[in-house]
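Overview (structure and organization)
If you want the building blocks of each chain, they are given just below.
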Amino acid sequence: MRAVERSGGDAIGLNFFPNSVRYVDPQSPATGRLSRLANELGLLRVGVFVNESAERMAAIAATVGLDAIQLHGDEPIESAESLRSMGWPVLRAIKLPRGGFAAALMQERSAAWVAAGCHLLLDVDAGSAHGGSGKTLDWPSVAAWAQGHRSVGWTLAGGLKPENVRRAIEATGAVSVDTASGVECPRGVKDESRIRAFIAAATG
Ligand SMILES: O=C(O)c1ccccc1N[C@@H]1O[C@H](COP(=O)(O)O)[C@@H](O)[C@H]1O
């Protein structure tokens, strides 16, 4: 976490999906300590959830101390509306095919979430794993959609790593990027040098 802050990163993700290799227990004192340290370092704390009720997400967010909630499953739009009405910033993962996709598909999958006040997180459809696939999107397709939707807030995710994040930014015009597996070695364990290299490549 200190590597994120020292290198100029601005957020961390706390993953509350029990099937994920990155899962952290919301009841564990260690998770609360992690959250407090992130807050002291000025990092935004994003909770990653899959198919939890809005009430449970809000309760975990309040207990652990989160700044935003990332919906990365098949949640209904009502979950986002409910969280937004409670004042929580919401990021909605829009899961897209690996190959090229039409801007109309992206529009169809994202319009209601934008209308509900969500920030979009564009990721590859990882099936039952939901996220953390390490696979990249078709960046030209992302760029084609983004050019027509300049007022929409979005973040690029999906297989980003030190070796490709600069190319991804240049190809898509992303102003914010997110990664999970791309800064790990071995899988599931964050690697300080990869975090530094990722942020340097993204911001350089
Ligand atoms: O990381 C996970 O295990 C995960 C599980 C379930 C939902 C989301 C998850 N992570 C998110 O997936 C994207 C892409 O990950 P990657 O960079 O391709 O490894 C990432 O932004 C995480 O927020």
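Read on for a plain summary of the structure. (Residues numbered from 1 in each chain as written. Predicted model: local features only at pLDDT ≥ 70, side-chain atom pairs only at ≥ 80, totals over all residues. Heavy atoms only, no water.)

1. Thoughts on the overall build of the protein
- For the protein, the count of helices and strands is 8 helices and 6 strands.
- The secondary structure elements of the protein, listed N-terminal to C-terminal, are α-β-α-β-α-β-α-β-α-β-α-β-α-α.
- Since a compact globule built from 204 residues should have a radius of gyration of about 17 Å, the 16 Å found for the protein is in line with a globular shape.
- Residue burial in the protein is summarised as follows: out of 204 residues, 48% are buried.
- If you take every contact in the protein between residues at least 6 apart in sequence, the share linking residues at least 24 apart comes to 56%. (Helix = DSSP H or I, 4+ residues; strand = E, 2+ residues; numbered from the N terminus. Rg over C-alpha atoms; globule rule 2.2 N^0.38 Å. Buried < 20%, exposed > 50% of the residue type's maximum accessible area, 1.4 Å probe, protein only. Contact = heavy atoms within 4.5 Å.)

2. Observations regarding the site of the ligand
- With respect to spatial proximity, 22 residues lie near the ligand, and among them Ser20, Arg22, Gly134, Asp178 and Ser181 are the closest.
- About the coverage of the ligand: the protein hides 96% of its 510 Å² of free accessible area.
- Class assignment of the residues belonging to the shell around the ligand gives a composition of 6 nonpolar, 13 polar and 3 charged. (Near = heavy atom within 4 Å. Areas by Shrake-Rupley, 256 points an atom, 1.4 Å probe, with all protein chains shown as cover. Nonpolar A, V, L, I, M, F, W, Y, C, P; charged D, E, K, R; others polar.)

3. So, helix H8 (residues 192–203)
- Compared with the 16 Å implied by 1.5 Å per residue over 12 residues, the 17 Å span of H8 between its first and last C-alpha is a close match.
- Turning to H8, its buried residues number three or more, namely Ile195, Phe198, Ile199, Ala201 and Ala202. The buried residues of H8 occupy an angular sector of 165° when projected down its axis, which confines them to one face.
- Of the surrounding elements, those touching the buried residues of H8 are helix H1 (2–7) and helix H7 (165–172). (Expected span 1.5 Å × (residues − 1). Arc of directions from axis to C-beta.)

4. Here's the deal with the side chain of glutamate 75
- By the element assignment, glutamate 75 lies in the loop between strand S3 (68–71) and helix H4 (77–85).
- By relative accessible area, glutamate 75 is classed as buried at 5%.
- Polar contacts involving the side chain of glutamate 75 include one to the main-chain amide nitrogen of glycine 73, which spans 3.0 Å.
- For glutamate 75, the residues in contact, after removing those within four places along its chain, are Phe49, Val50, Asn51, Arg92 and Trp113. (Polar contact = N/O pair within 3.5 Å; in protein donor to acceptor, adjacent residues only side chain to side chain.)

5. Quick look at the sheet that holds strand S1 (residues 11–15)
- Spatial ordering of the open sheet is given by S1-S2-S3-S4-S5-S6, a layout of 6 strands whose pairing is parallel. Of all strands in the sheet, those with a lone pairing partner are S1 and strand S6 (154–156), marking the two edges. Here the strands of the sheet are splayed against their neighbours by 25° on average, with no regard to which way each runs.
- Sheet analysis places strand S4 (residues 90–96) next to strand S5 (residues 119–124), joined by 6 bridges and oriented parallel. (Pairing = 2+ DSSP bridges. Axes fitted to C-alpha atoms, helices over the stretch in contact; angles between N-to-C directions.)

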